[in-house]
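# Remarks on the overall topology
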Amino acid sequence: MKRAILMTGDRPTGQMHLGHYVGSLKNRFAMQKDYRCFFMIADYQALTTHSDRSSDLEGYIREMVLDYLAAGFDPERSVCFLQSQVPQLAELTAIFGNLVTLPRLMRNPTIKQEIEEMGVNKRPTFGFVGYPVSQAADIVLFRPECVPMGEDQRPHMELAQEVAARFNGIYGEVFPIPEGVYGERMVGTDGRRKMSKSYGNAISLTDAPEVVEAKVGGMVTDPGRVRRSVPGRPELCSVFAYYRAFAAEQEDAVAADCRAAAVGCTDCKAGLAGVLNTFLEPFQERRAEFEKQPGLVRDILNLGGSTARIEGQRTLEQVKEVMGLRYESLLG
Ligand code: ATP
Ligand code: MG
């Protein structure tokens, strides 16, 4: 029986973090048994914020494939490739760019927030404002049914669905309309924003135990708990959010101890650092084993790239066919 298709991806802009694990990696690799999966490392999309650091991408990509492997990516079952290995993605982006208006792009709340984060000294480029169009092409080229992603990606998913439906309506049914499957959002160590590679508020999957301890030690807890003796409000505490995600079995006890002021924030944080390091240790051991295998990352990407190109070309031919862009009388 033909397996349904799953598509998702990440930007190679830094170390993968706990937010990626909770919000995305855990679920997507569990789905490999039921879906034919395409995992794309979005190197061109990384340029929309990292064009001045393009030579860093190679290292980040290698790290990312190792993180995937340690988190459960199965190269025998699934495809992992780079966006730049599939030129059909750029071709579809060129076509989709004409199906979205500029005001529609500027209304995207994730884009608005990311522009705000850039600060006043940086102005958004054409590539940056347009990345959701390129992402729409990334999402639909492989004609997936299922697209797991974080909540911050919801506006991009909605745009992809709109563009695909518009294309189908104008030219003919080529794209099934994919569904987004949204993972949990993990707050950063600053307690203010989502954990992100770009905000300096992330605990990386490769952080050493003492780094984890230091980062957890600096986390923001309930601002109202000014002294050890003041009862805390776990629902306002980012440390508690991490217990919930990584030690659900301790959740009730931790909340009760906090509300009763039975345990102070320092001890509570020390407990959390222990929980996280216990989680990260086997992950990092698996990763170290994969790292020792010469040529593993290269083989995965070369094979993945050629599979993705073949699939991408198949869709692109249909796109050109329904649009009348095959030009058989001129080129055939
Ligand atoms: P950058 O800061 O470079 O944008 P990022 O940390 O936001 O990096 P992405 O590569 O943009 O990571 O996101 C990859 C996937 O992980 C997306 O589906 C995104 O929604 C999800 N994701 C990222 N951060 C979190 C988070 N804190 N919690 C849950 N999911 C997340
Ligand atoms: Mg991001």
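### Some points on the site of ligand 1
The environment of ligand 1 is made up of 20 residues, and the closest members are Thr 13, Asp 152, Lys 194, Ser 196 and Ser 198. A distance of 2.8 Å is found between an oxygen atom of ligand 1 and a side-chain nitrogen or oxygen belonging to His 20. Residue Lys 197 places a side-chain N or O atom 2.9 Å away from an oxygen atom belonging to ligand 1. For ligand 1, whose accessible area on its own is 600 Å², the fraction buried by protein is 94%. Secondary structure elements with two or more residues in the shell around ligand 1: strand S1 (4–10) and helix H1 (18–30). Ranked by residue count, the leading element in the shell around ligand 1 is H1, at 3 residues. Of the residues belonging to the shell around ligand 1, the class tally is 3 nonpolar, 10 polar and 7 charged.

### Let's talk about unusual backbone geometry
Unlike most non-glycine residues, Arg 143 shows phi in positive territory, near 50°. Looking at the secondary structure, you find Arg 143 in the loop between helix H8 (131–141) and strand S4 (146–149). Look at Ala 261: it is not a glycine, yet its phi comes out positive at around 55°. Here Ala 261 is to be found in the loop between helix H12 (251–259) and helix H13 (265–291).

### Side note on the side chain of Thr 48
Mapping Thr 48 onto the fold places it in helix H2 (residues 43–50). Setting aside its immediate chain neighbours within four residues, Thr 48 contacts Arg 11, Thr 125, Gly 127, Phe 128 and Tyr 131.

### Some thoughts on the pairing of S4
On S4, burial covers both faces: Cys 146 and Pro 148 on one face and Val 147 and Met 149 on the other are all buried. Relative to strand S5 (residues 179–182), S4 runs parallel, the two sharing 4 bridges. Directly across from Met 149, in S5, lies its bridge partner Tyr 182. Handedness of the crossover is the feature at issue here: the chain leaves S4, passes through helix H9 (residues 154–171), returns alongside S5, and the resulting connection is right-handed.

### So, the domain arrangement of the chain
We note that the domain assignment places domain 1 (4–187 + 294–331) and domain 2 (209–288) within the chain. Taking only C-alpha atoms, the centre of domain 1 and the centre of domain 2 are 34 Å apart. Every contact between the two is made by 11 residues of domain 1 and, on the other side, 11 residues of domain 2. Each partner contributes to the roughly 1,000 Å² buried at the junction of domain 1 and domain 2, and carbon and sulfur atoms together form 70% of this total. Considering only the surface of domain 1 that becomes buried against domain 2, Leu 18, Ala 70 and Val 187 emerge as the three largest contributors, covering 48% of it.

### Points about the pattern of salt bridges
Within the structure shown, the criterion is met by 23 salt bridges. Here Lys 215 makes a salt bridge to Asp 207, at a shortest N to O gap of 2.7 Å. With relative accessibility at 11%, the residue Asp 207 sits in the buried group. For the salt bridge of Arg 326 with Glu 328, the shortest nitrogen-to-oxygen distance reads 3.7 Å. Arg 326 gets classed as partly exposed once you look at its relative accessible area, which sits at 35%. Glu 328 gets classed as exposed once you look at its relative accessible area, which sits at 53%.

The rules we used
Residues numbered from 1 in each chain as written. Chains lettered and ligands numbered in written order. Predicted model: local features only at pLDDT ≥ 70, side-chain atom pairs only at ≥ 80, totals over all residues. Heavy atoms only, no water. Near = heavy atom within 4 Å. Polar contact = N/O pair within 3.5 Å; in protein donor to acceptor, adjacent residues only side chain to side chain. Areas by Shrake-Rupley, 256 points an atom, 1.4 Å probe, with all protein chains shown as cover. Helix = DSSP H or I, 4+ residues; strand = E, 2+ residues; numbered from the N terminus. Nonpolar A, V, L, I, M, F, W, Y, C, P; charged D, E, K, R; others polar. Contact = heavy atoms within 4.5 Å. Buried < 20%, exposed > 50% of the residue type's maximum accessible area, 1.4 Å probe, protein only. Pairing = 2+ DSSP bridges. Right-handed = clockwise from strand over helix to strand, strands pointing away. Domains from an automatic or database assignment. Buried area = accessible area lost by both parts, 1.4 Å probe. Salt bridge = Lys/Arg side-chain N within 4 Å of Asp/Glu carboxyl O.

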